[in-house]
Amino acid sequence: MRKLVVIVLIAFTGLSFYPGEGGSDGLRQAADESGTDFGFAVHNSFFNMEDDDPYLRILKKNANTLVAENAMKPYRMQPEKGNFFFEETDRLVEFATENDIKVRGHCLVWHKQIPDWMNDTTYTREEMLEILENHITTIVSRYKGQVDEWDVVNEAIDTDEENNYRRTVWYRTIGPEFIDSAFVYAHRADPSAVLYYNDFSAEEMNEKSDAIYKMVKRLVQNDVPIHAVGLQSHFWLNEFNVSEIENNMDRIGALGLQANITELDISIPMNEISQETLQQQADDYADIMEMCLDNDHCNSLLIWGVPDSHSWIPNHTDGERGSALIFDDEMNPKPAFHALKEVLDNK
Ligand code: XIL
């Protein structure tokens, strides 16, 4: 029925939009005008889509920045030692270039989604440094000038460890300086790329964000080329505090770094999804966007997926939570979409 109404509408008004595109007027223009990078993580299915897929139209109308949800992670980019896979990143970069969209690279160094051959603590320190350098240099130099920014190191802090460094293969073979080296290699390969340290559960002022602050401060003091801290922002409905996030952004900003929202989603318990909670979610999205637009250190806000059907949250929470994004399963805009539109339009 809804489809029929849309077809009739299009036929009578000559409008060339699909409901999933967020009406005739998406979020991109307002984001451009506000000078903020805004966009989405691109789902794996992007790489098999036909040119007229509504998903692609949503990206074009609503994003000035995109990041691959999985395609640029180590296991995908260097599945075998010395054997790189560029096809998907090339495709994303091509789509972005055609549509004047920025690309964020996610991520060069992580302990998850890493190929088995790389996740091997029997390498010597020198061998592992060489693997790190080769991975980073090969990828960053290939996309020099095309991928504008990189999550160089993802999730290296773990406050359960005595010195706060997660015991990853990188830490165990190289020591904490793997972080310094990774930034140096990335900067050498593309001196104009914006380089991030990215992590989760460290958006507000807390033990983990303290540890990250301390680490990035050390990097800055040692002239390591780091330019931004990524606050992943996988939030639960009503369970975060915007002014706390802002305080954290301000202290990061005082180090001369950007503090950007890199993977925003706001999940709702599955059994509590209602008009009311969707409206609360809309208010939450609006609050975060407003704060980012107002904060001098926040220059970018990316949402971790387009329709709810693509969101990683149900899988990640054993089906307990969901509906975390701003388009529903059918790619129709949710109240959160309209709330973001209003905030952006009023800036
Ligand atoms: C997630 C993806 O969304 C999933 O599809 C994948 O199975 C696991 O990784 N922090 C990150 C992201 O930095 O790369 C993660 O993405 C979500 C948490």
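Calculation criteria
- Residues numbered from 1 in each chain as written.
- Predicted model: local features only at pLDDT ≥ 70, side-chain atom pairs only at ≥ 80, totals over all residues.
- Heavy atoms only, no water.
- Patch = residues over 30% accessible without salt bridge, like charges linked within 9 Å, V, L, I, M, F, W, Y side chains within 5 Å.
- Areas by Shrake-Rupley, 256 points an atom, 1.4 Å probe, with all protein chains shown as cover.
- Salt bridge = Lys/Arg side-chain N within 4 Å of Asp/Glu carboxyl O.
- Lys, Arg positive; Asp, Glu negative; His and termini not counted.
- Charge placed at Lys NZ, Arg CZ, Asp CG, Glu CD.
- Helix = DSSP H or I, 4+ residues; strand = E, 2+ residues; numbered from the N terminus.
- Near = heavy atom within 4 Å.
- Polar contact = N/O pair within 3.5 Å; in protein donor to acceptor, adjacent residues only side chain to side chain.
- Nonpolar A, V, L, I, M, F, W, Y, C, P; charged D, E, K, R; others polar.
- Core = buried A, V, L, I, M, F, W, Y, C linked by side-chain atoms within 4.5 Å.
- Buried < 20%, exposed > 50% of the residue type's maximum accessible area, 1.4 Å probe, protein only.
- Contact = heavy atoms within 4.5 Å.
- Pairing = 2+ DSSP bridges.
- Right-handed = clockwise from strand over helix to strand, strands pointing away.
- Expected span 1.5 Å × (residues − 1).
- Disulfide = S-S within 2.5 Å.
- pLDDT = per-residue confidence, 0-100.

1. Remarks on a negative patch on the surface
Among the surface-exposed residues, Glu50, Asp51, Asp52 and Glu98 lie close enough to one another that they form a single negatively charged patch. Within the secondary structure, Asp51 is located in the loop between β1 (37-42) and α3 (54-62).

2. Notes on the site of the ligand
In the neighbourhood of the ligand, 13 residues make up the surrounding shell, with Glu69, Lys73, His106, Glu263 and Trp304 lying closest. Between the ligand and Glu69, the relevant distance is 2.4 Å, taken from an oxygen atom to a side-chain nitrogen or oxygen of the residue. A distance of 2.8 Å is found between an oxygen atom of the ligand and a side-chain nitrogen or oxygen belonging to Lys73. Classifying every residue of the shell around the ligand by side-chain character gives three nonpolar, six polar and four charged.

3. Looking at the nonpolar core
Residues Trp150 and Trp170 are the most contacted members of the largest nonpolar core, which totals 108 residues. Among the elements that make up this core, the one with the highest residue count is helix α11 (residues 275-294) (nine residues). The contact partners of Trp170, leaving out residues within four places of it in the chain, are Val109, Trp110, Ile114, Met118, Met128, Ile131, Leu132, Gly175 and Phe178.

4. Some details on the pattern of salt bridges
Oppositely charged side chains can pair when the atoms bearing their charge come close. This structure, assessed with the given rule, holds 19 salt bridges. Residue Asp32 is joined to Arg28 by a salt bridge in which the shortest nitrogen-to-oxygen separation is 3.0 Å. On the criterion of helical spacing, the pair formed by Asp32 and Arg28 is a turn pair, its members being four residues apart in helix α2 (residues 28-34). Looking at Arg28, the relative accessible area reads 13%, which means it is buried.

5. So, the pairing of strand β8 (residues 258-269)
Every regular strand shows the same layout, with side chains that alternate between the two sheet faces. With 11 of 12 residues buried, β8 lies mostly within the body of the structure. The pairing of strand β6 (residues 228-231) with β8 spans four bridges and is parallel. Residue pairing for β8: Gly230 is matched across the bridge by Asn260. Examined bridge by bridge, strand β7 (residues 234-236) and β8 share three bridges and lie parallel to one another. Across the sheet, residue Trp236 finds its bridge partner in β8, namely Ser267. Viewed along the sheet, the connection from β7 through helix α10 (residues 242-254) into β8 turns out right-handed. Both β8 and strand β9 (residues 300-303) contribute to a ladder of two bridges, which runs parallel. Residue pairing across strands places Ile261 opposite Leu301, the latter belonging to β9. Across two bridges, the pairing between β8 and strand β10 (residues 321-322) is antiparallel. Bridge pairing in β10 places Ile268 opposite Gly322.

6. A closer look at helix α8 (residues 177-189)
Given 3.6 residues per turn, any residue in an α-helix points the same way as the ones three and four places further on. For α8, spanning 13 residues, the distance from its first C-alpha to its last is 18 Å, which sits close to the expected 18 Å at 1.5 Å a residue. All of the buried residues along α8 are Phe178, Ile179, Asp180, Ser181, Ala182, Phe183, Tyr185, Ala186 and Ala189. For α8, the secondary structure elements touched by its buried residues are β3 (102-109), α6 (125-142), β4 (149-154), α7 (169-174), β5 (194-199) and α9 (207-221).

7. Examining the state of the cysteines
For the coordinates displayed, the defined rule picks out one disulfide. For Cys292, the disulfide goes to Cys298, at an S-S distance of 2.1 Å. The sign of the S-S torsion, about -90°, decides the handedness of the disulfide formed by Cys292 and Cys298: left-handed. In this structure Cys292 comes out as buried when scored by relative accessible area, which is 0%. Take Cys298: its relative accessible area is 4%, and that puts it in the buried class. In this structure Cys107 is not part of a disulfide, and its nearest cysteine sulfur, from Cys298, lies 20 Å away.

8. Comments concerning unusual backbone geometry
Negative phi is the rule for most residues except glycine; trans is the rule for most peptide bonds. Between His106 and the following residue, Cys107, the backbone shows a cis peptide bond with an omega angle of -5°. By the secondary structure assignment, Cys107 is in strand β3. Phi is positive for Gln113, which is not a glycine, with a value near 45°. With respect to the helices, strands and loops of the structure, Gln113 is situated in the loop between β3 and α6.

9. Section: the confidence of the model for the protein
Chain-level statistics for the protein give a pLDDT mean of 94 and a share of 93% at 70 or above. In the predicted structure, residues 1-20 sits below a pLDDT of 50 and forms 21 contacts with residues beyond four places in sequence or in another chain.

10. Quick word on the environment of Leu278
When you line up the elements, Leu278 lands in helix α11. Given a relative accessible area of 17%, Leu278 falls into the buried group. For the pair Leu278 and Glu342, spaced 64 residues apart in the sequence, the C-alpha separation amounts to 16 Å. When near neighbours in sequence (up to four residues on either side) are disregarded, Leu278 contacts Ile268, Ile273, Ser323, Lys334 and Pro335.

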